[in-house]
Amino acid sequence: MAAFGRVGVGKSSLLNALLGEPAFATDVAHGCTRRRQGIAWQQAIAGLGRVELVDTPGIDEVDAPGRARLAARVALAADLVLLVLDGDLSRVEAEALAVLLGSGKPLLLVLNRCDCWPKDERAALLNSIRRRLPPEARSLELLTVAAARTGLGCWPTAGCAARPARRRSNPCAGAC
Ligand SMILES: Nc1nc2c(ncn2[C@@H]2O[C@H](COP(=O)(O)OP(=O)(O)O)[C@@H](O)[C@H]2O)c(=O)[nH]1
Ligand SMILES: [Mg+2]
């Protein structure tokens, strides 16, 4: 299962949240994840043997041809791709999405940082993302999560209890 998306959207944080430990390096500064890295997920899933969580570099850190190659490679090697977003769908993300859709691999859209918006803004954002999706992607699941509530950018009106994520055993528990 591979996390894919722009740099800094929280791909590594999301995988750490699933693992329940900070196994993948995360950073506010860009470029922390330089190459593909996989870690076995000790999560029993009926019908599946070993599940590997795969982290990838940010798609906006390479040029357009490199991005398409990266998307194709990730999709080829994965059985499920999580396209992680942290805001409205950008052109770079839409392009990567097209390559992933073309691969035919199962795909989930994951809107991270849901601790950063009040409920009504989050709903507006989800609507906008859906509107921007190409027709063939409209049936994809769009999940909202807070992989690592750093507390920064968290509006008091959102009613979320922000605290450092690194100490939480399962910061991803319960999608927003
Ligand atoms: N507020 C908030 N910050 C987050 C969330 N997820 C990740 N971050 C922060 O965003 C920064 C980039 O995260 P990282 O996982 O390294 O992004 P990546 O480049 O996509 O792998 C880190 O400082 C994380 O702590 C979230 O859900 N909410
Ligand atoms: Mg990373």
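Quick look at the structure, then.

About the thresholds
- Residues numbered from 1 in each chain as written.
- Chains lettered and ligands numbered in written order.
- Predicted model: local features only at pLDDT ≥ 70, side-chain atom pairs only at ≥ 80, totals over all residues.
- Helix = DSSP H or I, 4+ residues; strand = E, 2+ residues; numbered from the N terminus.
- Buried ≥ 20, exposed ≤ 12 C-beta atoms within 10 Å, placed from the backbone.
- Contact = placed C-beta atoms within 7 Å.
- Core = buried A, V, L, I, M, F, W, Y, C linked by C-beta atoms within 7 Å.
- Near = placed C-beta within 6 Å.
- Nonpolar A, V, L, I, M, F, W, Y, C, P; charged D, E, K, R; others polar.
- Pairing = 2+ DSSP bridges.
- Expected span 1.5 Å × (residues − 1).
- Arc of directions from axis to C-beta.

**What about the overall build of the protein?**
Reasoning step 1: The helix and strand inventory of the protein stands at four helices and six strands.
Reasoning step 2: Along the protein, helices and strands appear, N-terminal first, in the series β-α-β-β-α-β-α-β-α-β.
Reasoning step 3: Taken across its 176 residues, the protein has 34% of its residues classed as buried.
Reasoning step 4: At a minimum sequence separation of 6, the contacts of the protein that also span at least 24 residues come to 68%.

**Description of the nonpolar core**
Reasoning step 1: Ranked by internal contacts, the top residues of the largest apolar core, which has 36 residues, are Phe4, Leu14, Val81, Leu82, Leu83, Val84 and Val110.
Reasoning step 2: When residues in this core are grouped by element, the largest group, five residues, is from strand E4 (residues 81–85).
Reasoning step 3: In contact with Val84, not counting residues within four places along its chain, are Ala3, Phe4, Gly5, Val9, Gly10, Lys11, Leu14, Val110 and Asn112.

**Details of the site of ligand 1**
Reasoning step 1: Within the structure, ligand 1 sits among 24 residues, and Gly10, Lys11, Ser12, Ser13 and Thr26 are positioned closest to it.
Reasoning step 2: Here the shell around ligand 1 is composed, by residue class, of nine nonpolar, 10 polar and five charged.

**Details of the pairing of strand E1 (residues 2–5)**
Reasoning step 1: Burial of E1 is two-sided: the residues Ala2 and Phe4 facing one way and the residues Ala3 and Gly5 facing the other way are all buried.
Reasoning step 2: In terms of strand pairing, E1 meets E4 through four bridges, oriented parallel. Note on E4: the bridge partner recorded for Phe4 is Leu83.

**So, helix H3 (residues 91–103)**
Reasoning step 1: Under the 1.5 Å per step criterion, the end-to-end length of H3 is 19 Å for 13 residues, consistent within 8% with the ideal 18 Å.
Reasoning step 2: What H3 keeps buried is the set Glu93, Ala96, Leu97 and Leu100. Taken down its axis, H3 places every buried residue within 105 degrees of arc, on the same side.
Reasoning step 3: Looking at the packing, one finds that the buried side of H3 touches E1, helix H2 (64–77), E4 and strand E5 (107–111).
Reasoning step 4: Phi for Gly104, located one or two positions after H3, is positive at around 80 degrees.

**A short note on the environment of Ile39**
Reasoning step 1: Mapping Ile39 onto the fold places it in strand E2 (residues 37–41).
Reasoning step 2: You can call Ile39 partly exposed: it has 16 C-beta atoms within 10 Å.
Reasoning step 3: Spatially, the C-alpha atom of Ile39 lies 5.3 Å from that of Leu53, the residues being 14 residues apart in sequence.
Reasoning step 4: Non-local contacts of Ile39, meaning those with residues more than four positions away in its chain, are made with Leu19, Ala23, Glu52 and Leu53.

**A look at helix H1 (residues 11–19)**
Reasoning step 1: Along H1, eight of the nine residues are buried, which leaves the element largely enclosed by surrounding structure.
Reasoning step 2: Looking at H1, one finds that the buried residues are Lys11, Ser12, Ser13, Leu14, Leu15, Asn16, Ala17 and Leu18.
Reasoning step 3: Close packing links the buried residues of H1 with E1, E2, strand E3 (51–55), E4 and E5.
Reasoning step 4: Positive backbone phi, at 80 degrees, marks Gly20, one or two positions downstream of H1.

**Brief notes about unusual backbone geometry**
Reasoning step 1: With phi around 70 degrees, Arg113 is a residue other than glycine that occupies positive phi space.
Reasoning step 2: Tracing the backbone through its elements, the reader meets Arg113 in the loop between E5 and helix H4 (119–132).

**Side note on the environment of Val84**
Reasoning step 1: Counting through the fold element by element, Val84 comes out in strand E4.
Reasoning step 2: Here the alpha-carbon distance between Val84 and Lys11, two residues 73 residues apart in the chain, equals 6.3 Å.

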